[in-house]
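One-letter residues, chain by chain:
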Amino acid sequence: MKVLSIDTSNYVLGIGLLDGETVMGEYISNIKKNHSVRVMPAIQTLMEECSINPADLSKIVVAEGPGSYTGVRIGVTIAKTMAWSLKIPISGVSSLEVAAASAGRYFDGYVSPFFDARRGQIYTSLYKFEDQKLQTVKKDQLVMSTDWVKTLNELDSRILFTSNDLKLHEEVIKEELGDKAVFAAVTELNPRPAELALLGRDKEGVDLHTFVPNYIRLAEAEANWLKAQETKN
C-alpha cells in the first residue's frame, strides 16, 4: 500500500511516501515561502525520485489543521483534488497529532504539541504513547498558553513540549511547570510527513466532498462578517 502524505498546515512543508512499513522518501522544509507554488513541484520531485507514478498510489493522507488558514486550505485542496482524480481514498490527520508523533514516540510521559495562535493563545492538545500507539488525552483546542500550563500542572507526570514556536511560550511553560516541562530537541520540531502517512494509513477514508479542514476557530474576517450579520438581524 503506497501512501502519499501532504502537510502544508504551517511553515513546514512536508511530503512523504510510505510503502507498507517502508518510508520511501520525505521532503521537509521549514522556511517562510508560499506553499501554493512549492507543494506540487515537491510532490512531483519526491515521486520521481522514488520511481512512483500517480497510478501507483493507494491513498492520500493530509494534515487537516489546525494551523495557518491558508496553509491548511492549500494542503486539503490539493489532497482532495488528487484523491478525486486518482479515485483513491483520503484521510485527514490532526496537524498537532503529527507533531506529537514526530517528537514523542519514545518519551515516557505526556506530549503537548502546540502552534502559536497569537495574542497569548496556542492551538494545542495532549497525547501519550501506549504500546507504541499514540493516544489522545485532550483533544485539539484553542487556549491561552497560561491557562493550558495550569491545567497540565495538575498531571503527575513530565510533559514533553514540541513546537517551532517554543521560544514564544517557553518562559510561561517553565514558570508554571518547572522540572515537569521537557522540551523537544531542535531536530524533532518539524512534523515528519512519514509520521503523517503512518497515522493516516489505516484510518478509514472520509467522504471526499464533505471533508473540510479543522480550523478550530474562524478566520478573523469570517468572524467579523458573522457578527455584522447578527447585528443586522
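Residues numbered from 1 in each chain as written. Predicted model: local features only at pLDDT ≥ 70, side-chain atom pairs only at ≥ 80, totals over all residues. Heavy atoms only, no water.

Turning our eyes to something else, we now look at the overall build of the chain. Across its full length, the chain carries seven helices and ten strands. Compactness check: the chain gives a C-alpha radius of gyration of 18 Å against a globular reference of 17 Å for 233 residues, within 12% of the reference. Seen through its C-alpha atoms, the chain measures out along the principal axes to roughly 55 × 50 × 30 Å. Considering only contacts in the chain between residues 6 or more positions apart, those separated by 24 or more positions represent 66%. Carbon and sulfur atoms make up 49% of the accessible area of the chain, which amounts to about 12300 Å² in all. Taking the 26 positively charged and 31 negatively charged side chains of the chain as two groups, their mean positions are separated by 5 Å. (Helix = DSSP H or I, 4+ residues; strand = E, 2+ residues; numbered from the N terminus. Rg over C-alpha atoms; globule rule 2.2 N^0.38 Å. Contact = heavy atoms within 4.5 Å. Areas by Shrake-Rupley, 256 points an atom, 1.4 Å probe, with all protein chains shown as cover. Lys, Arg positive; Asp, Glu negative; His and termini not counted. Charge placed at Lys NZ, Arg CZ, Asp CG, Glu CD.)

Nonpolar side chains in soluble globular proteins tend to end up buried together. In terms of nonpolar packing, the biggest core is built from 40 residues, with L126, W148, L152, I159, F161, I173 and L177 touching the most fellow members. Ignoring sequence-local partners within four residues, the contact set of L177 consists of V149, L152, N153, I159 and F161. Core analysis: the next-biggest nonpolar cluster, separate from the first, contains 26 residues, L4, C50, I90 and L208 among them. (Core = buried A, V, L, I, M, F, W, Y, C linked by side-chain atoms within 4.5 Å. Buried < 20%, exposed > 50% of the residue type's maximum accessible area, 1.4 Å probe, protein only.)

Packing of helix α1 (residues 39-49) against helix α2 (residues 69-86) brings their axes to within 11 Å, and their N-to-C directions diverge by 50°. As far as their axial angle goes, α2 and α1 are oblique. Within the contact between the two elements, α1 uses V39, M40 and I43 and α2 uses I74, I78 and M82. (Axes fitted to C-alpha atoms, helices over the stretch in contact; angles between N-to-C directions. Parallel < 35°, antiparallel > 145°, perpendicular 65-115°, else oblique.)

Applying the stated criterion to the full structure yields two aromatic pairs. Here the basic side chain of K128 rests over the ring of Y110, its NZ or CZ set 4.8 Å away from the ring centre. (Phe/Tyr/Trp six-rings, centres within 6.5 Å; stacked < 30°, edge-to-face > 60°. Lys NZ or Arg CZ within 6 Å of the ring centre and 35° of its normal.)

On to helix α3 (residues 95-104). An α-helix turns once per 3.6 residues; consequently, residues spaced three or four apart project the same way. Buried residues dominate α3, accounting for ten of its ten residues. Within α3, burial applies to S95, L96, E97, V98, A99, A100, A101, S102, A103 and G104. With a side-chain oxygen positioned 3.1 Å from the backbone nitrogen of L96, the residue opening α3 is S94. (Polar contact = N/O pair within 3.5 Å; in protein donor to acceptor, adjacent residues only side chain to side chain.)

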